[in-house]
Amino acid sequence: TAYLIQQAVTYPMIHTTIASVLRGRPLAATTPTESIKTACGIMCELDVRAVAIVQDEHLIGVLSERDVIQKCICGNQQADVMQVGDAMTPEPVSLNEDDSLADALKVMSTGRFHHVPVLRDGKVSGLLSSDDVPEEYRMLLERFKEIRGY
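Model, not experiment: these values are computed from the prediction. (Residues numbered from 1 in each chain as written. Predicted model: local features only at pLDDT ≥ 70, side-chain atom pairs only at ≥ 80, totals over all residues. Heavy atoms only, no water.)

Things to note about the sheet that holds strand E7 (residues 123–129)
Then comes step 1: Strand order in the open sheet formed by three strands is E5-E6-E7, with mixed pairing between adjacent strands. Sheet topology places strand E5 (95–96) and E7 at the edges, where each strand pairs with a single neighbour.
Then comes step 2: In terms of strand pairing, strand E6 (residues 115–120) meets E7 through six bridges, oriented antiparallel. Paired with Arg120 across the bridge in E7 is Lys123.
Then comes step 3: Here helix H5 (residues 101–111) sits on the sheet and contacts E5, E6 and E7; the angle it forms with E7, its principal contact strand, is near 75°. (Pairing = 2+ DSSP bridges. Helix = DSSP H or I, 4+ residues; strand = E, 2+ residues; numbered from the N terminus. Contact = heavy atoms within 4.5 Å. Axes fitted to C-alpha atoms, helices over the stretch in contact; angles between N-to-C directions.)

In structure tokens:
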């Protein structure tokens, strides 16, 4: 019985793709030469906490609210002068659209970050946030870690 319950709970997490979660969502992205202020404007407009940094159609980084706080505000930089490339997290781990939410949760948990760029055919198509993963999936992972002693 416990096995059947586990399968019923974990099946959606394993088989739900990232693409299905991000479907219809606009890509929050900018370039490394834009100002931090411009990037923050994009975050506000799209109500997100991070943007993908793209150059020549290739993902080169991610800029999160945390990056802005630590590298711009706490670094006494001016948001309208400092460039995104100077504050972004370069070469981020990424996932593919056809990866599962279970894959995404594992990557975010292992890497200890909240945003993962998502690729389609090698080009960035979205940003998955830990907030996009249902709470029950995160709870399952935590319970699994407890049982396994991680």
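The discussion continues.
Notes on the state of the cysteines
Then comes step 1: Scanning all chains against the criterion turns up zero disulfides.
Then comes step 2: Not part of a disulfide, Cys40 finds its nearest cysteine sulfur in Cys44, a span of 6.7 Å.
Then comes step 3: Free of any disulfide, Cys74 has its nearest cysteine sulfur in Cys72, 9.5 Å distant.
Then comes step 4: Since its relative accessible area comes to 57%, Cys74 is described here as exposed. (Disulfide = S-S within 2.5 Å. Buried < 20%, exposed > 50% of the residue type's maximum accessible area, 1.4 Å probe, protein only.)

Digging into the packing of helix H3 (residues 36–46) against helix H4 (residues 65–73)
Then comes step 1: Contact geometry for H3 and H4: axes closest at 11 Å, N-to-C directions at 155°. As the angle between them shows, H3 and H4 are arranged roughly antiparallel. For the element pair H3 and H4, the recorded crossing hand is left-handed. Here H3 contributes Ile36, Cys40 and Met43 to the contact with H4, which in turn contributes Glu65, Val68 and Cys72.
Then comes step 2: Grouping the amino acids of the contact of H3 with H4 by side-chain chemistry returns five nonpolar, no polar and one charged. (Parallel < 35°, antiparallel > 145°, perpendicular 65-115°, else oblique. Left-handed = near helix turned anticlockwise from the far one by under 90°. Nonpolar A, V, L, I, M, F, W, Y, C, P; charged D, E, K, R; others polar.)

Thoughts on the layout of surface pockets
Then comes step 1: The calculated volume of the second largest pocket comes to roughly 350 Å³.
Then comes step 2: The wall of the second largest pocket is formed by 13 residues, among which Ser64, Thr89, Phe113, His114 and His115 lie closest to the centre.
Then comes step 3: Only strand E3 (58–64) and H4 provide two or more residues apiece to the lining of the second largest pocket.
Then comes step 4: Per element, the largest residue contribution to the lining of the second largest pocket is three residues, and it comes from H4.
Then comes step 5: Among the residues making up the lining of the second largest pocket, the classes are represented as four nonpolar, four polar and five charged. (1 Å grid on protein atoms, 1.4 Å probe; cavity = no way out; pocket = protein on both sides within 12 Å on 5 of 7 lines; lining within 4 Å. Points joined across faces, edges and corners; volume = space filled by probe spheres on them.)

Description of the sheet that holds strand E1 (residues 29–30)
Then comes step 1: Taken in spatial order, the four strands of this open sheet run E1-E2-E3-E4, and their pairing is mixed. Across the chains shown, the open sheet's two edge strands, defined by having one partner strand only, are E1 and strand E4 (89–90).

Focus: the environment of Arg25
Then comes step 1: Relative to the elements of secondary structure, Arg25 occurs in the loop between helix H2 (18–22) and E1.
Then comes step 2: Along the primary structure Arg25 and Gly126 are separated by 101 residues, whereas in three dimensions their C-alpha atoms are 7.7 Å apart.
Then comes step 3: Among all residues touching Arg25, those that are not within four sequence positions of it are Leu127 and Asp132.
Then comes step 4: Separated by 3.0 Å, the side chains of Arg25 and Asp132 make a polar contact. (Polar contact = N/O pair within 3.5 Å; in protein donor to acceptor, adjacent residues only side chain to side chain.)

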